Amino acid sequence: MASFNQYVRIYEFDVHVLIYNTINGETIILPKEYINGNEISELLAEPVREYLQKYYFSDRALPWDKFQQCFESTNRLLISLETSLACNLSCPYCYQINNTYKRTKISKKNLDLLFEYIVKVHQKVSYDILVLKILGGEPSLDWSPSDYFLQKILPFCHSNKIKLDLRIDTNCTNISELKTISGYDSILFTIPLCNKKQHDIYRRYANGQGTYDSIIENIRILQTMHNCSIVLRHNTDSYNIATFGEYIKDISSIGLKDPIIMPQFTTNPEFGEFQNQLSYTNYVKWLSTECIDILVMNNFNVHILPRLALWGKCQQWSKYSLKLFSDGRVGACAAHFFDDSNPHISDIMNNGIESIETYWGRTKTTDIFNDEKCRSCK
């Protein structure tokens, strides 16, 4: 009798079991009588047994070399560009609020250095996709740094047959420049939004005017752009979690074109007085139960799932991927926003792009597939 490997999760219901493989995200539902604890009945149909074998459910020697090759893939470079910390809103949960960092925009010199870095990385690893995220602050307040950089990066991508996956984090209150962007292969806008009443309390102008209605109209315009996707990020806290269903019904009735609903846990900022009374544990329980029910009942696709190792490295672990902050310093990803030891982009270029391995606790050299402690964890 065959058995499941240690990375498989089994969830029992009345007459069925749901079997989830944490290695690759594969899921299968089977009648309960075919599963005895961690054992697989020999009476299970052969095609199903072959499926379990093919997708690494069964307890056998796993192809770690194959997994690592997928994880180590260098076909994508993930670059985040923070153009300024300035914003036209003052949301209380923003991780940037009340800090003492300058609101000046990024310099052309640092943009040129970032472009030079991207070119040198391509000469080294010949990536096929450049994921470029532009954010702030609010990048639309002054689009000139973004436009300057795009005018450099677009010809480079076209001439080297690199797909430009452009992503923009925006509060969507000002889209005059955003709607004119062209030349990319795909574009994704991430826009914070929650129930109208609560949104207009948190995300309002200095004069007290709410932004919900104008954002909805701006989203309609952005959705007409070529190959455009919209992510509506629900910054979930104790204040708005109870009205998530009402919010989703409203979004459904408005008739936006298949937005991606993406709830995220609202962490307490290092500065400011905001405190999320919702615990992360309760957020996770809600995210995997009631939240999904609400999305399904309102005919929205569900994009909520655990992060999978086989999808490749995140920005922090990906060797050459980085975030350039508006002061010219570089982080392995956004998590290094307050890291005083961040190098300057000029340091990386002066010391050579391989020097990126020496920063952030050598996180860029992380190799989880050769870490026995990591591999032995179920």
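Since the model is a prediction, treat every value here as computed from it, not as a measurement.

Colleague: Sorry if this is basic, but what is going on with unusual backbone geometry here?
Modeller: Excluding glycine, residues mostly have negative phi values, and the peptide bonds linking residues are mostly trans. The omega torsion of the bond from glycine 136 to glycine 137 falls at 25°, within 30 degrees of zero and hence cis. For glycine 137, the location among the structural elements is in the loop between strand E8 (129-135) and helix H4 (144-159). Its identity is not glycine, yet tryptophan 360 carries a phi of approximately 55°, on the positive side. Structurally, tryptophan 360 is set in the loop between helix H10 (345-351) and helix H11 (372-376). A positive phi angle is found at arginine 362, which is not glycine, with a value near 60°. The residue arginine 362 is located in the loop between H10 and H11 in this model. On the basis of relative accessibility, which here comes to 43%, the residue arginine 362 falls in the partly exposed class.

Colleague: Please explain the pattern of salt bridges as it appears in this structure.
Modeller: Where charged atoms from two side chains of opposite charge approach closely, those side chains can pair. With the rule as written, the count across this model stands at 9 salt bridges. Ionic pairing is found between lysine 124 and glutamate 354, a salt bridge with its closest N-O pair at 3.6 Å. Of this pair, lysine 124 sits in helix H3 (residues 108-125) while glutamate 354 sits in the loop between H10 and H11, and the two are 230 residues apart along the sequence. A relative accessible area of 32% places glutamate 354 in the partly exposed class. Note that glutamate 354 and lysine 319 form a salt bridge whose closest N and O atoms lie 2.7 Å from each other. Taken as a pair, glutamate 354 in the loop between H10 and H11 and lysine 319 in the loop between helix H9 (290-297) and strand E13 (322-324) lie far apart in primary sequence, 35 residues in all. Beyond isolated ion pairs, a larger network of salt bridges with shared partners links Lys124, Lys319, Glu354 and Glu357.

Colleague: I'm lost on the pairing of strand E12 (residues 260-265) in this one. Help?
Modeller: Along a regular strand, successive side chains alternate from one face of the sheet to the other. Here strand E11 (residues 228-236) runs beside E12; their pairing, made up of 6 bridges, is parallel. What sits directly across from histidine 234, in E12, is proline 263. The handedness of the E11 to E12 crossover, carried by helix H7 (residues 244-254), is right-handed.

Colleague: Sorry if this is basic, but what is going on with the pairing of strand E2 (residues 8-12) here?
Modeller: In terms of strand pairing, E2 meets strand E3 (residues 16-21) through 5 bridges, oriented antiparallel. Its bridge partner lying in E3, glutamate 12 is registered against valine 17. Hairpin connection from E2 to E3: 3 residues lie between these consecutive antiparallel strands.

Colleague: For this particular structure, what's the right way to read the packing of helix H6 (residues 212-222) against H7?
Modeller: Helix packing geometry: the angle between the two helix axes and the distance between the axes. Following both chains from N to C, one finds H6 and H7 inclined at 45°, their axes separated by 12 Å at the closest point. Taken together, the axis directions place H6 and H7 in an arrangement best described as oblique. For the pair H6 and H7, the crossing hand works out as right-handed. Only Tyr247, Asp250, Ile251 and Ile254 of H7 make contact with H6, whose side of the interface consists of Tyr212, Ile216 and Arg220. Here the residues of the contact of H6 with H7 sort into 5 nonpolar, no polar and 2 charged.

Colleague: Can you walk me through the sheet that holds strand E6 (residues 39-40) in this structure?
Modeller: The strands that make up a sheet pair up through hydrogen bonds in the backbone, lying either parallel or antiparallel. Taken in spatial order, the 3 strands of this open sheet run E1-E6-E5, and their pairing is antiparallel. For this open sheet the edge positions go to strand E1 (2-3) and strand E5 (35-36), each flanked by a neighbour on one side alone. The pairing of E5 with E6 spans 2 bridges and is classified as antiparallel. The residue bridging isoleucine 35 from the neighbouring strand is isoleucine 40, located in E6.

Colleague: Even after reading the chapter, I still don't get the sheet that holds E12, so can you show me in this structure?
Modeller: Within the open sheet, the 8 strands sit side by side as E12-E11-E10-E9-E8-E7-E13-E14. Their pairing is mixed. Taken across any chain shown, the strands that pair with only one partner, and hence form the sheet edges, are E12 and strand E14 (330-331). Taken strand by strand, H4 contacts strand E7 (76-82), E8 and strand E9 (163-169), and its axis lies near 175° from that of E8. Sheet contacts for helix H8 (residues 280-287): E11 and E12; angle to E12, the most-contacted strand, approximately 160°.

Basis of the calculations
Residues numbered from 1 in each chain as written. Predicted model: local features only at pLDDT ≥ 70, side-chain atom pairs only at ≥ 80, totals over all residues. Heavy atoms only, no water. Helix = DSSP H or I, 4+ residues; strand = E, 2+ residues; numbered from the N terminus. Buried < 20%, exposed > 50% of the residue type's maximum accessible area, 1.4 Å probe, protein only. Salt bridge = Lys/Arg side-chain N within 4 Å of Asp/Glu carboxyl O. Pairing = 2+ DSSP bridges. Right-handed = clockwise from strand over helix to strand, strands pointing away. Axes fitted to C-alpha atoms, helices over the stretch in contact; angles between N-to-C directions. Parallel < 35°, antiparallel > 145°, perpendicular 65-115°, else oblique. Left-handed = near helix turned anticlockwise from the far one by under 90°. Contact = heavy atoms within 4.5 Å. Nonpolar A, V, L, I, M, F, W, Y, C, P; charged D, E, K, R; others polar.

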